[in-house]
Amino acid sequence: MENAVNHPTDEPCFASFPPAVLRPAELTAFSRGGGARTIPLVTRAVGAEVFLTGQTLFEGGAGIALHTHNCPESVTILEGDAIVEIDGTEHLVTRFDTTYVPAGTPHRFRNASATEPMRILWIYASVDATRTLVETGVTARVDAEHARPEPENAN
């Protein structure tokens, strides 16, 4: 095509992101408190410039506080069953069920089982994602929680 025009959509959006293979079993888990711990995956530390991903593991009965984000979030259940509260409505979700929560929408996840583990994969639509706790109004960057490793004897 002699007169073909390159459109912006033909260009990679962020070519500087280096390829990576991330193995959660080999990465550090960070405590979120209350029986939940997070394993960061695609983050600034590996070159992410557009989005963040990671996994959160919940012990039996564990849950996280009601919160909002400054960007959309999608979560897929990888293991176990969960109760997700989105904007005041609870839903039972199970393996491979996926949620989408718009920015500013209050939500939380908790393990539906008192004894079995539950694991989620989360994806934030911004590398600068923040979390605001509904109860306190405190806002922090999502990647700031990746600075508190679990104690050595934690699972």
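Reading guide: rules and limits
- Sequence order sets the numbering: in each chain, residues are counted from 1 along the sequence as written.
- Two thresholds apply to this predicted model, a pLDDT of at least 70 for residue-level local features and 80 or more for giving and counting side-chain atom pairs, whereas whole-chain, interface and lining totals are computed over all residues.
- With hydrogens and water set aside, each side-chain value is computed from the structure's full complement of heavy atoms.
- A run of H or I in DSSP becomes a helix once it reaches four residues, and a run of E becomes a strand once it reaches two; helices and strands are each numbered from the N terminus.
- Burial classes follow relative accessibility: with a 1.4 Å probe on protein chains only, a residue under 20% of its type's maximum area counts as buried, one over 50% as exposed, and anything between as partly exposed.
- Paired strands, in this sense, are two strands between which DSSP finds at least two bridges.
- Throughout, an axis means a line fitted to C-alpha atoms (over the contacting stretch in the case of helices), and angles, computed between N-to-C directions, take values from 0 to 180 degrees.
- Residues belong to a common nonpolar core when they are buried Ala, Val, Leu, Ile, Met, Phe, Trp, Tyr or Cys residues joined through side-chain atoms within 4.5 Å.
- Two residues qualify as a contact provided that any one of their heavy atoms is within 4.5 Å of a heavy atom in the partner residue.
- Patch membership is restricted to residues that have no salt bridge and whose relative accessible area is over 30%. Joining uses 9 Å for like charges and 5 Å for the nonpolar side chains Val, Leu, Ile, Met, Phe, Trp and Tyr.
- Here the open area of atoms and residues is found with the Shrake-Rupley method and a 1.4 Å probe, where only the protein chains shown may cover a residue.
- Salt bridges, as used here, are contacts in which a Lys or Arg side-chain nitrogen is within 4 Å of a carboxyl oxygen on Asp or Glu.
- For this analysis, a polar contact is any N or O atom pair within 3.5 Å, provided that within protein one partner can donate a hydrogen and the other can accept it, and provided that sequence-adjacent residues contribute only side-chain to side-chain pairs.
- In predicted models, pLDDT denotes the confidence assigned by the predictor to each residue on a 0 to 100 scale.

Q: Honestly, the overall build of the protein chain in this entry has me stumped. Any pointers?
A: In terms of helices and strands, the protein chain carries 0 helices and 12 strands. Written out in order from the N terminus, the α and β elements of the protein chain read β-β-β-β-β-β-β-β-β-β-β-β. Counting the 155 residues in the protein chain, one finds 34% classified as buried.

Q: Mind showing me how you'd approach the sheet that holds strand 1 (residues 30-33) here?
A: Strands belonging to one sheet form pairs held by backbone hydrogen bonds; the direction of such a pair is parallel or antiparallel. Sheet architecture is open: 6 strands sit in the order 1-2-3-10-5-8, paired in antiparallel fashion. Two strands lie at the open edges of the sheet, namely strand 1 and strand 8 (98-101), each paired on one side alone. Across the sheet, the mean angle separating the axes of adjacent strands is 25° when strand polarity is ignored. Alignment of strand 3 (residues 52-58) against strand 10 (residues 118-124), held across 7 bridges, turns out to be antiparallel. Along strand 10, the bridge assignment pairs Thr56 with Ile120.

Q: Is there a simple way to explain the nonpolar core in this structure?
A: Across soluble globular proteins, you tend to see nonpolar side chains buried next to one another. Among the nonpolar cores identified, the biggest contains 23 residues, and Leu52, Phe58, Phe109, Ile120 and Tyr124 are the most heavily contacted of them. Mapped by element, the contributors of at least two residues to this core are strand 3, strand 5 (73-79), strand 6 (82-86) and strand 10. For this core, the element with the most residues is strand 10, which contributes 4 residues. Setting aside residues no more than four positions away along its own chain, Phe109 makes contact with Phe58, Gly63, Ile64, Val75, Ile77, Ala82, Ile83, Val84 and Thr99.

Q: In this structure, what is going on with the pairing of strand 8? I would like to understand it.
A: Along a regular strand, successive side chains alternate from one face of the sheet to the other. Residues Thr99 and Val101 of strand 8 are buried on one face, while the alternating residues Thr98 and Tyr100, pointing to the opposite face, are not. Across 4 bridges, strand 5 lies against strand 8 in antiparallel orientation. Bridging from a neighbouring strand, Val75 pairs with Thr99 of strand 8.

Q: Help me out: how do you make sense of a nonpolar patch on the surface in this one?
A: A cluster of nonpolar side chains, namely Val50, Phe51 and Ile123, defines an oily patch on the protein surface of about 210 Å² accessible area. Within the secondary structure, Val50 sits in the loop between strand 2 (36-40) and strand 3.

Q: Can you walk me through the pattern of salt bridges in this structure?
A: A side chain with one charge may pair with a side chain of the opposite charge, provided their charged atoms come close. Considering all chains together, one arrives at 6 salt bridges under this definition. Here Arg141 and Asp128 are joined by a salt bridge, their closest N and O atoms 3.2 Å apart. Here Arg141, found in strand 12 (residues 139-141), pairs with Asp128, found in the loop between strand 10 and strand 11 (130-133); they are 13 residues apart in sequence, far enough to count as distant. Judged by relative accessible area, Arg141 falls into the partly exposed class, the value being 33%.

Q: What's the story with the side chain of His107 in this structure? I'm lost.
A: Relative to the elements of secondary structure, His107 occurs in strand 9 (residues 107-111). In this structure the side chain of His107 is engaged in a polar contact, spanning 3.3 Å, whose partner is the side chain of His69. Here Thr105 takes part through its backbone oxygen, which lies 2.8 Å from a polar atom of the side chain of His107. Among residues more than four places away in sequence, those in contact with His107 are Ala65, Leu66, His67, Thr68, His69, Glu73, Glu85, Ile86 and Val101.

Q: When you look at the confidence of the model for the protein chain in this model, what are you seeing that I'm missing?
A: Detailed reading of the predicted coordinates is not advisable wherever pLDDT falls low. Confidence in the prediction of the protein chain, expressed as mean pLDDT, is 88, and 84% of residues score 70 or more. The model gives residues 1-7 a pLDDT under 50, and that stretch makes 2 contacts with residues more than four places away or in other chains. Per-residue pLDDT stays below 50 along residues 150-155; that stretch engages in 6 contacts with residues further than four places along the chain or on separate chains.

Q: What is the right way to read the side chain of Gln55 from this model?
A: Relative to the helices and strands, Gln55 is located in strand 3. At 2.5 Å, the side chain of Gln55 forms a polar contact with the side chain of Arg119.

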